[in-house]
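What the coordinates show
The lines below spell out each chain.
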Amino acid sequence: MPVSIQLRGDHITLANALKVAGAAESGGQAKIKVREGDVRVNGEMETKPGRKLRAGDRLAIGDQEWVIEA
């Protein structure tokens, strides 16, 4: 069951979402995780930490999963 990340605007960047989710302690650590190919967005590997996520998008690292909600 995915954990929810609440939006405060119309989008959140992937790196910021990882920080909010607690999957990264800093923006730098989040960027490294994304660039190394550890993160999937909507089931596909994503390597751009600045990717904008919107309501309904899902991100995952290993077996941990989060969903973006409005």
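Residues numbered from 1 in each chain as written. Predicted model: local features only at pLDDT ≥ 70, side-chain atom pairs only at ≥ 80, totals over all residues. Heavy atoms only, no water.

1. Details of the pattern of salt bridges
For the structure shown, the criterion picks out two salt bridges. Residue Arg51 is joined to Glu46 by a salt bridge in which the shortest nitrogen-to-oxygen separation is 2.8 Å. (Salt bridge = Lys/Arg side-chain N within 4 Å of Asp/Glu carboxyl O.)

2. Comments concerning the nonpolar core
Grouped together as the largest cluster of nonpolar side chains are 18 residues, with contacts concentrated most on Leu14, Leu18, Leu53, Leu59 and Ile68. The set of elements that each furnish at least two residues to this core consists of helix H1 (14-21), helix H2 (27-35), strand E3 (39-41), strand E6 (58-61) and strand E7 (64-69). Those residues in contact with Ile68, other than ones at most four positions away along the chain, are Ile5, Leu7, Ile12, Leu53, Arg54, Ala55, Gly56, Asp57 and Leu59. (Core = buried A, V, L, I, M, F, W, Y, C linked by side-chain atoms within 4.5 Å. Buried < 20%, exposed > 50% of the residue type's maximum accessible area, 1.4 Å probe, protein only. Helix = DSSP H or I, 4+ residues; strand = E, 2+ residues; numbered from the N terminus. Contact = heavy atoms within 4.5 Å.)

3. Side note on the environment of Gly37
Mapped onto the fold, Gly37 is located in the loop between H2 and E3. Given the relative accessible area of 23%, Gly37 is considered partly exposed. Taking the C-alpha atoms as reference, Gly37 lies 21 Å from Val3; in sequence the two are 34 residues apart.

4. Topic: the environment of Val39
Summarising the element assignment, Val39 is placed in strand E3. Between the alpha carbons of Val39 and Ile61 there is a distance of 5.0 Å; along the sequence they are 22 residues apart. Each residue touching Val39, except ones within four places of it in the same chain, is listed here: Leu14, Leu18, Lys33, Val34, Glu44, Met45, Glu46, Ala60 and Ile61.

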